[in-house]
Amino acid sequence: MSLSKRAIAQSTPNPVLEVLCNLWHPASNPAGFLSLGVAENTLMHSTLNAHVRASIQSSLPNEAFTYCDGYQRLGRAVARFLTRHLRPVVEVKPAHMTIVNGCTSGIENMALCFTDPGDYILLGRPYYTAFLDDATLRTGARMAEISYPPGEDPLGPDCVQRYEERILKIQAEGGRVGALILCNPHNPLGRCYPHDVLVEFMKLCEKYQIHLISDEIYALSTFANTLDTHPPPTPFESILSVDPAGLVDPARIHVLWGLSKDFGANGIRLGVVLSQHNPGVRATLQPAGLFSSISSLTEHAASCILEDDAWVEAYVKENQSLLGLHHAHIATWARRNGIEYAAGANAGFFIWMNLGKKYLEHHPEAKGQDLDHITMDALLANKVFLAAGFRFGADEPGWFRIVYTQEMDYLNLGLARVLAALTGDPIPELSQTLKIDD
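1. Side note on the environment of Leu322
- Considering the arrangement of structural elements, one finds Leu322 in helix H12 (residues 309-336).
- On the accessibility criterion, Leu322 (21% relative accessible area) is partly exposed.
- Each C-alpha atom of the pair Leu322 and Thr405 lies 8.5 Å from the other, and the pair is 83 residues apart in sequence.
- Setting aside its immediate chain neighbours within four residues, Leu322 contacts Leu43 and Met44.

Given below as C-alpha coordinates:
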(Lines give C-alpha, C1' and ligand atoms only; values in the text may rest on other atoms or scores of the structure.)
Protein backbone atom coordinates (compact mmCIF):
# COMPACT_ATOMS: atom_id res chain seq x y z
CA MET A 1 0.00 0.00 0.00
CA SER A 2 1.43 3.37 -1.00
CA LEU A 3 1.98 6.04 1.61
CA SER A 4 2.01 9.80 1.30
CA LYS A 5 5.32 11.60 0.85
CA ARG A 6 4.76 13.10 4.29
CA ALA A 7 4.36 9.67 5.86
CA ILE A 8 7.46 8.31 4.15
CA ALA A 9 9.50 11.29 5.35
CA GLN A 10 8.43 10.59 8.93
CA SER A 11 9.02 6.84 8.87
CA THR A 12 12.64 6.81 10.05
CA PRO A 13 12.82 4.41 13.02
CA ASN A 14 13.83 5.73 16.43
CA PRO A 15 17.01 3.88 17.52
CA VAL A 16 16.23 4.48 21.20
CA LEU A 17 13.21 2.18 21.05
CA GLU A 18 15.41 -0.90 20.60
CA VAL A 19 17.11 -0.08 23.89
CA LEU A 20 13.92 0.78 25.78
CA CYS A 21 12.39 -2.55 24.74
CA ASN A 22 15.40 -4.45 26.08
CA LEU A 23 16.35 -2.82 29.40
CA TRP A 24 18.58 -4.59 31.89
CA HIS A 25 17.12 -6.25 34.96
CA PRO A 26 19.30 -8.32 37.31
CA ALA A 27 16.82 -11.22 37.41
CA SER A 28 14.50 -11.08 34.41
CA ASN A 29 16.84 -9.60 31.76
CA PRO A 30 20.51 -9.62 32.80
CA ALA A 31 21.58 -9.43 29.13
CA GLY A 32 19.66 -6.20 28.53
CA PHE A 33 20.95 -2.65 28.11
CA LEU A 34 21.69 -0.35 31.01
CA SER A 35 20.33 3.03 30.01
CA LEU A 36 22.13 6.17 31.08
CA GLY A 37 20.92 7.94 27.97
CA VAL A 38 17.32 9.01 28.63
CA ALA A 39 16.84 12.16 30.72
CA GLU A 40 14.67 10.69 33.46
CA ASN A 41 15.10 11.29 37.18
CA THR A 42 14.25 8.16 39.19
CA LEU A 43 15.74 9.35 42.48
CA MET A 44 12.45 10.60 43.96
CA HIS A 45 10.01 8.15 42.40
CA SER A 46 9.07 6.53 45.70
CA THR A 47 8.23 9.91 47.22
CA LEU A 48 6.20 10.95 44.18
CA ASN A 49 4.47 7.56 44.03
CA ALA A 50 3.29 7.87 47.62
CA HIS A 51 1.84 11.34 47.06
CA VAL A 52 0.01 10.40 43.85
CA ARG A 53 -1.40 7.23 45.43
CA ALA A 54 -2.65 9.18 48.43
CA SER A 55 -4.30 11.83 46.24
CA ILE A 56 -6.14 9.20 44.23
CA GLN A 57 -7.22 7.15 47.22
CA SER A 58 -8.40 10.07 49.33
CA SER A 59 -9.91 12.58 46.92
CA LEU A 60 -10.43 11.27 43.39
CA PRO A 61 -13.62 12.97 42.12
CA ASN A 62 -15.96 11.50 39.54
CA GLU A 63 -15.09 14.44 37.32
CA ALA A 64 -11.68 12.81 36.78
CA PHE A 65 -13.45 10.43 34.38
CA THR A 66 -14.92 13.25 32.27
CA TYR A 67 -13.53 15.84 29.89
CA CYS A 68 -12.96 17.99 33.01
CA ASP A 69 -13.66 21.71 33.40
CA GLY A 70 -11.07 23.26 31.14
CA TYR A 71 -8.28 22.86 33.70
CA GLN A 72 -9.59 25.57 36.01
CA ARG A 73 -8.25 23.99 39.19
CA LEU A 74 -4.98 22.99 37.55
CA GLY A 75 -4.59 26.43 36.01
CA ARG A 76 -4.82 28.08 39.41
CA ALA A 77 -2.37 25.60 40.91
CA VAL A 78 0.19 25.96 38.12
CA ALA A 79 -0.06 29.75 38.07
CA ARG A 80 0.54 29.99 41.80
CA PHE A 81 3.40 27.50 41.63
CA LEU A 82 5.20 29.22 38.75
CA THR A 83 4.77 32.65 40.31
CA ARG A 84 6.36 31.35 43.48
CA HIS A 85 9.30 29.57 41.87
CA LEU A 86 10.07 31.47 38.65
CA ARG A 87 9.68 34.86 40.36
CA PRO A 88 8.30 36.62 37.29
CA VAL A 89 8.10 40.38 36.95
CA VAL A 90 4.35 39.96 36.36
CA GLU A 91 2.36 37.48 38.42
CA VAL A 92 1.37 34.40 36.41
CA LYS A 93 -2.38 34.07 35.88
CA PRO A 94 -4.30 31.03 34.61
CA ALA A 95 -5.31 33.09 31.58
CA HIS A 96 -1.63 33.35 30.60
CA MET A 97 -1.25 29.60 30.07
CA THR A 98 -2.12 26.78 27.73
CA ILE A 99 -1.97 23.30 29.28
CA VAL A 100 -0.59 20.59 26.96
CA ASN A 101 0.45 16.96 27.25
CA GLY A 102 4.15 17.67 27.67
CA CYS A 103 6.67 20.18 26.39
CA THR A 104 7.07 18.19 23.17
CA SER A 105 3.61 19.40 22.19
CA GLY A 106 4.46 22.83 23.55
CA ILE A 107 7.45 23.20 21.22
CA GLU A 108 5.42 22.07 18.23
CA ASN A 109 2.65 24.50 19.12
CA MET A 110 5.14 27.34 19.37
CA ALA A 111 6.58 26.46 15.96
CA LEU A 112 3.08 26.48 14.49
CA CYS A 113 2.43 29.90 15.99
CA PHE A 114 5.63 31.62 14.91
CA THR A 115 6.64 30.02 11.60
CA ASP A 116 5.17 29.21 8.25
CA PRO A 117 6.54 26.26 6.26
CA GLY A 118 10.10 27.05 5.25
CA ASP A 119 10.70 29.62 8.00
CA TYR A 120 13.59 29.16 10.41
CA ILE A 121 13.94 28.66 14.16
CA LEU A 122 17.37 29.34 15.69
CA LEU A 123 18.95 26.74 17.99
CA GLY A 124 22.43 26.81 19.47
CA ARG A 125 24.74 23.78 19.58
CA PRO A 126 24.89 21.48 21.43
CA TYR A 127 21.15 21.09 21.87
CA TYR A 128 18.46 18.76 23.13
CA THR A 129 18.11 16.57 20.07
CA ALA A 130 14.32 16.18 20.22
CA PHE A 131 13.92 19.92 19.55
CA LEU A 132 14.61 19.15 15.89
CA ASP A 133 11.61 16.87 15.36
CA ASP A 134 9.44 18.65 17.91
CA ALA A 135 9.68 21.91 16.01
CA THR A 136 9.87 20.72 12.40
CA LEU A 137 8.44 17.24 11.83
CA ARG A 138 4.83 18.28 11.31
CA THR A 139 5.14 22.06 10.98
CA GLY A 140 7.32 22.51 7.92
CA ALA A 141 9.61 24.85 9.84
CA ARG A 142 13.36 24.55 9.45
CA MET A 143 15.99 24.60 12.18
CA ALA A 144 19.01 26.87 11.83
CA GLU A 145 21.75 25.48 14.07
CA ILE A 146 24.25 27.90 15.59
CA SER A 147 27.90 26.82 15.89
CA TYR A 148 30.67 28.55 17.82
CA PRO A 149 34.39 28.97 17.21
CA PRO A 150 36.63 26.56 19.16
CA GLY A 151 36.91 27.65 22.78
CA GLU A 152 33.90 30.00 22.71
CA ASP A 153 31.36 29.44 25.48
CA PRO A 154 27.91 28.53 24.03
CA LEU A 155 26.34 30.28 27.03
CA GLY A 156 28.85 33.12 27.24
CA PRO A 157 28.54 36.82 26.34
CA ASP A 158 29.76 36.33 22.76
CA CYS A 159 27.22 33.66 21.83
CA VAL A 160 24.47 36.14 20.94
CA GLN A 161 26.63 37.53 18.14
CA ARG A 162 26.59 34.11 16.45
CA TYR A 163 22.79 34.14 16.41
CA GLU A 164 22.77 37.59 14.83
CA GLU A 165 25.23 36.49 12.17
CA ARG A 166 22.95 33.58 11.29
CA ILE A 167 19.86 35.82 11.15
CA LEU A 168 21.60 38.14 8.72
CA LYS A 169 22.75 35.23 6.56
CA ILE A 170 19.23 33.79 6.38
CA GLN A 171 17.76 37.17 5.53
CA ALA A 172 20.38 37.75 2.84
CA GLU A 173 19.31 34.47 1.25
CA GLY A 174 15.66 35.57 1.27
CA GLY A 175 14.63 33.50 4.30
CA ARG A 176 12.70 34.41 7.42
CA VAL A 177 13.47 33.68 11.07
CA GLY A 178 10.37 33.27 13.22
CA ALA A 179 11.75 32.28 16.61
CA LEU A 180 14.72 31.41 18.76
CA ILE A 181 14.78 28.56 21.30
CA LEU A 182 16.80 28.68 24.52
CA CYS A 183 16.99 25.74 26.89
CA ASN A 184 17.56 27.26 30.32
CA PRO A 185 18.87 25.41 32.29
CA HIS A 186 20.73 23.96 29.35
CA ASN A 187 20.42 20.43 28.05
CA PRO A 188 22.98 18.83 27.62
CA LEU A 189 25.50 21.19 29.28
CA GLY A 190 23.63 21.42 32.61
CA ARG A 191 24.38 25.12 32.99
CA CYS A 192 22.23 28.27 33.30
CA TYR A 193 22.36 31.37 31.13
CA PRO A 194 23.76 34.45 32.92
CA HIS A 195 21.49 37.47 33.37
CA ASP A 196 23.48 39.65 30.96
CA VAL A 197 23.23 37.03 28.21
CA LEU A 198 19.46 36.74 28.65
CA VAL A 199 19.22 40.52 28.31
CA GLU A 200 21.19 40.43 25.06
CA PHE A 201 18.94 37.70 23.65
CA MET A 202 15.90 39.82 24.48
CA LYS A 203 17.43 42.79 22.66
CA LEU A 204 18.27 40.61 19.67
CA CYS A 205 14.71 39.32 19.38
CA GLU A 206 13.33 42.84 19.49
CA LYS A 207 15.84 44.09 16.92
CA TYR A 208 14.86 41.41 14.40
CA GLN A 209 11.20 41.04 15.41
CA ILE A 210 11.39 37.36 16.33
CA HIS A 211 9.96 35.36 19.23
CA LEU A 212 12.04 34.06 22.14
CA ILE A 213 11.01 30.62 23.44
CA SER A 214 12.63 29.73 26.78
CA ASP A 215 12.32 26.05 27.69
CA GLU A 216 12.64 26.08 31.49
CA ILE A 217 11.67 22.48 32.16
CA TYR A 218 14.70 22.03 34.49
CA ALA A 219 14.03 25.24 36.43
CA LEU A 220 13.95 23.58 39.86
CA SER A 221 16.38 20.76 39.06
CA THR A 222 19.38 22.78 40.23
CA PHE A 223 22.06 21.94 42.76
CA ALA A 224 25.26 23.17 44.36
CA ASN A 225 28.34 22.23 42.33
CA THR A 226 31.14 21.92 44.88
CA LEU A 227 33.80 20.62 42.48
CA ASP A 228 34.10 22.99 39.53
CA THR A 229 35.42 26.54 39.67
CA HIS A 230 35.73 27.35 35.95
CA PRO A 231 33.39 28.28 34.56
CA PRO A 232 31.77 29.20 37.85
CA PRO A 233 28.22 27.81 38.16
CA THR A 234 25.55 30.41 37.36
CA PRO A 235 22.30 30.43 39.38
CA PHE A 236 19.12 29.82 37.38
CA GLU A 237 17.12 32.90 36.41
CA SER A 238 13.86 32.64 34.50
CA ILE A 239 13.45 34.88 31.46
CA LEU A 240 10.17 35.94 33.09
CA SER A 241 12.09 37.46 36.00
CA VAL A 242 13.99 39.83 33.69
CA ASP A 243 12.15 43.13 33.31
CA PRO A 244 11.51 43.51 29.56
CA ALA A 245 11.03 47.29 29.73
CA GLY A 246 13.30 48.94 27.18
CA LEU A 247 14.57 45.54 25.98
CA VAL A 248 11.82 43.70 24.13
CA ASP A 249 8.10 43.71 23.51
CA PRO A 250 7.00 41.21 26.21
CA ALA A 251 4.57 39.69 23.67
CA ARG A 252 7.67 38.07 22.14
CA ILE A 253 8.60 36.17 25.32
CA HIS A 254 7.26 32.64 25.88
CA VAL A 255 8.16 29.99 28.46
CA LEU A 256 7.71 26.23 28.57
CA TRP A 257 7.59 24.24 31.79
CA GLY A 258 6.31 20.81 32.77
CA LEU A 259 6.24 18.10 35.42
CA SER A 260 8.57 15.75 33.55
CA LYS A 261 11.89 16.89 34.96
CA ASP A 262 11.42 18.87 38.16
CA PHE A 263 9.08 16.20 39.52
CA GLY A 264 10.64 13.16 37.84
CA ALA A 265 7.36 12.46 36.05
CA ASN A 266 8.08 12.04 32.33
CA GLY A 267 5.15 9.63 32.10
CA ILE A 268 2.51 11.94 33.57
CA ARG A 269 2.67 14.08 30.39
CA LEU A 270 1.90 17.60 31.49
CA GLY A 271 3.37 20.77 30.04
CA VAL A 272 2.62 24.48 30.13
CA VAL A 273 2.94 27.06 27.36
CA LEU A 274 3.20 30.43 29.09
CA SER A 275 2.67 33.59 27.03
CA GLN A 276 1.82 36.27 29.55
CA HIS A 277 1.52 39.19 27.15
CA ASN A 278 0.34 37.57 23.94
CA PRO A 279 -3.36 36.68 23.96
CA GLY A 280 -3.11 35.89 20.25
CA VAL A 281 -0.91 32.89 21.00
CA ARG A 282 -3.37 31.54 23.53
CA ALA A 283 -6.29 32.11 21.17
CA THR A 284 -4.41 30.27 18.42
CA LEU A 285 -3.65 27.28 20.63
CA GLN A 286 -7.14 26.86 22.01
CA PRO A 287 -8.71 25.19 18.92
CA ALA A 288 -5.67 22.90 18.59
CA GLY A 289 -5.91 21.91 22.25
CA LEU A 290 -7.85 18.77 21.36
CA PHE A 291 -4.68 17.28 19.84
CA SER A 292 -2.50 17.87 22.91
CA SER A 293 -4.90 17.69 25.83
CA ILE A 294 -4.08 15.95 29.10
CA SER A 295 -6.23 13.41 30.91
CA SER A 296 -8.45 14.45 33.81
CA LEU A 297 -6.58 11.94 35.98
CA THR A 298 -3.37 13.80 35.19
CA GLU A 299 -5.07 17.08 36.06
CA HIS A 300 -6.16 15.71 39.42
CA ALA A 301 -2.76 14.25 40.33
CA ALA A 302 -0.87 17.36 39.21
CA SER A 303 -3.23 19.70 41.05
CA CYS A 304 -2.82 17.72 44.26
CA ILE A 305 0.96 17.92 43.91
CA LEU A 306 1.22 21.63 43.15
CA GLU A 307 -1.33 22.69 45.78
CA ASP A 308 0.64 20.98 48.55
CA ASP A 309 3.19 23.71 49.30
CA ALA A 310 4.88 21.97 52.22
CA TRP A 311 5.30 18.73 50.27
CA VAL A 312 6.64 20.58 47.21
CA GLU A 313 9.21 22.49 49.24
CA ALA A 314 10.44 19.30 50.93
CA TYR A 315 10.48 17.44 47.61
CA VAL A 316 12.45 20.11 45.78
CA LYS A 317 14.98 20.43 48.61
CA GLU A 318 15.64 16.69 48.81
CA ASN A 319 15.72 16.32 45.03
CA GLN A 320 18.27 19.11 44.66
CA SER A 321 20.42 17.54 47.36
CA LEU A 322 20.39 14.17 45.58
CA LEU A 323 21.16 15.79 42.24
CA GLY A 324 24.22 17.43 43.77
CA LEU A 325 25.41 14.17 45.29
CA HIS A 326 25.03 12.23 42.05
CA HIS A 327 26.68 14.95 39.98
CA ALA A 328 29.65 15.00 42.36
CA HIS A 329 29.80 11.21 42.21
CA ILE A 330 30.03 11.00 38.43
CA ALA A 331 32.31 14.04 38.09
CA THR A 332 34.70 12.47 40.63
CA TRP A 333 34.55 9.21 38.65
CA ALA A 334 35.46 11.12 35.48
CA ARG A 335 38.39 12.86 37.14
CA ARG A 336 39.69 9.62 38.62
CA ASN A 337 39.63 7.96 35.23
CA GLY A 338 41.06 10.88 33.29
CA ILE A 339 37.89 11.61 31.30
CA GLU A 340 37.25 15.18 30.16
CA TYR A 341 33.87 16.64 31.00
CA ALA A 342 32.12 20.00 30.62
CA ALA A 343 32.58 21.74 33.96
CA GLY A 344 30.32 24.27 35.65
CA ALA A 345 27.07 22.31 35.58
CA ASN A 346 24.57 23.02 38.34
CA ALA A 347 21.30 21.84 36.82
CA GLY A 348 19.71 18.91 35.03
CA PHE A 349 20.29 15.17 35.25
CA PHE A 350 23.35 14.74 33.05
CA ILE A 351 26.99 15.44 32.40
CA TRP A 352 28.60 16.14 29.02
CA MET A 353 31.73 13.98 28.56
CA ASN A 354 34.41 13.48 25.94
CA LEU A 355 34.42 9.70 25.86
CA GLY A 356 35.88 9.57 22.36
CA LYS A 357 39.12 11.14 23.54
CA LYS A 358 39.46 8.45 26.22
CA TYR A 359 38.62 5.75 23.69
CA LEU A 360 41.45 6.93 21.41
CA GLU A 361 43.94 6.77 24.28
CA HIS A 362 43.31 3.02 24.46
CA HIS A 363 42.68 2.45 20.74
CA PRO A 364 45.17 4.63 18.80
CA GLU A 365 44.48 2.57 15.69
CA ALA A 366 41.05 4.24 15.52
CA LYS A 367 42.55 7.68 14.86
CA GLY A 368 41.08 9.19 11.69
CA GLN A 369 38.00 6.97 11.77
CA ASP A 370 34.42 7.92 12.67
CA LEU A 371 35.02 8.47 16.38
CA ASP A 372 31.37 9.00 17.27
CA HIS A 373 30.16 5.73 15.82
CA ILE A 374 33.17 3.66 16.89
CA THR A 375 32.74 4.79 20.48
CA MET A 376 28.97 4.27 20.35
CA ASP A 377 29.42 0.78 18.95
CA ALA A 378 31.79 -0.08 21.80
CA LEU A 379 29.27 1.17 24.36
CA LEU A 380 26.41 -0.80 22.83
CA ALA A 381 28.58 -3.91 22.62
CA ASN A 382 29.02 -3.57 26.38
CA LYS A 383 25.25 -3.21 26.74
CA VAL A 384 25.22 0.37 27.99
CA PHE A 385 23.26 3.10 26.20
CA LEU A 386 24.24 6.79 26.24
CA ALA A 387 23.07 9.78 24.23
CA ALA A 388 25.61 10.39 21.47
CA GLY A 389 26.81 13.94 20.98
CA PHE A 390 26.50 13.83 17.20
CA ARG A 391 22.74 13.58 17.70
CA PHE A 392 22.92 16.69 19.94
CA GLY A 393 24.73 18.83 17.40
CA ALA A 394 28.14 18.57 19.08
CA ASP A 395 30.72 20.58 17.17
CA GLU A 396 33.47 18.10 18.12
CA PRO A 397 33.33 14.30 17.78
CA GLY A 398 33.44 11.97 20.76
CA TRP A 399 31.14 13.78 23.20
CA PHE A 400 28.30 11.98 24.98
CA ARG A 401 25.62 12.88 27.49
CA ILE A 402 25.46 10.60 30.54
CA VAL A 403 22.37 10.69 32.75
CA TYR A 404 23.24 10.08 36.41
CA THR A 405 19.81 10.26 38.07
CA GLN A 406 19.55 6.52 38.69
CA GLU A 407 19.93 4.62 41.94
CA MET A 408 23.61 4.44 42.83
CA ASP A 409 24.03 0.69 42.27
CA TYR A 410 22.56 0.98 38.78
CA LEU A 411 24.68 4.05 38.02
CA ASN A 412 27.86 2.35 39.16
CA LEU A 413 27.20 -0.69 37.02
CA GLY A 414 26.57 1.55 34.03
CA LEU A 415 29.77 3.51 34.61
CA ALA A 416 31.75 0.30 34.92
CA ARG A 417 30.44 -0.78 31.54
CA VAL A 418 31.25 2.64 30.05
CA LEU A 419 34.84 2.40 31.25
CA ALA A 420 35.18 -1.17 29.97
CA ALA A 421 33.92 -0.04 26.56
CA LEU A 422 36.51 2.74 26.42
CA THR A 423 39.49 0.75 27.65
CA GLY A 424 38.70 -2.65 26.18
CA ASP A 425 38.97 -4.28 29.60
CA PRO A 426 36.50 -6.99 30.65
CA ILE A 427 33.27 -5.85 32.27
CA PRO A 428 33.65 -6.19 36.06
CA GLU A 429 31.40 -8.57 37.92
CA LEU A 430 28.27 -7.01 39.40
CA SER A 431 29.59 -7.32 42.95
CA GLN A 432 32.64 -5.25 42.00
CA THR A 433 30.55 -2.34 40.71
CA LEU A 434 28.11 -1.75 43.52
CA LYS A 435 30.19 0.97 45.14
CA ILE A 436 32.71 3.54 43.96
CA ASP A 437 34.64 5.13 46.79
CA ASP A 438 34.55 8.87 46.47
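There is more to say after this.
2. Let's talk about H12
- If you check H12, its first and last C-alpha atoms are 41 Å apart, about what 28 residues at 1.5 Å a residue would give, namely 40 Å.
- One or two steps after H12, the chain reaches Gly338, where phi turns positive at roughly 65 degrees.

3. Observations regarding the pattern of salt bridges
- With the rule as written, the count across this model stands at 19 salt bridges.
- The partner of Glu165 in a salt bridge is Arg162, with the nearest N and O atoms 3.2 Å apart. In this pair, Glu165 and Arg162 both sit in helix H7 (residues 159-172), three residues apart, roughly one turn of the helix.
- Classification of Glu165 by relative accessible area gives partly exposed; the value is 38%.

4. Observations regarding the packing of aromatic side chains
- All told, the structure shown has 15 aromatic pairs when counted by the stated rule.
- A ring pair is formed by Tyr193 and Phe201, whose centres lie 6.0 Å apart and whose planes are at 85 degrees; its orientation type is edge-to-face. Accessibility classification places Tyr193 together with Phe201 in one group, the buried group.
- Every member of this aromatic cluster is reached through a ring pair, and the members are Phe81, Trp257, Phe263, Trp311 and Tyr315.

5. Focus: the side chain of Glu152
- Looking at the element boundaries, Glu152 is found in the loop between strand S4 (142-146) and H7.
- Among residues more than four places away in sequence, those in contact with Glu152 are Asp158, Cys159 and Arg162.

Calculation notes
Residues numbered from 1 in each chain as written. Predicted model: local features only at pLDDT ≥ 70, side-chain atom pairs only at ≥ 80, totals over all residues. Heavy atoms only, no water. Helix = DSSP H or I, 4+ residues; strand = E, 2+ residues; numbered from the N terminus. Buried < 20%, exposed > 50% of the residue type's maximum accessible area, 1.4 Å probe, protein only. Contact = heavy atoms within 4.5 Å. Expected span 1.5 Å × (residues − 1). Salt bridge = Lys/Arg side-chain N within 4 Å of Asp/Glu carboxyl O. Phe/Tyr/Trp six-rings, centres within 6.5 Å; stacked < 30°, edge-to-face > 60°.

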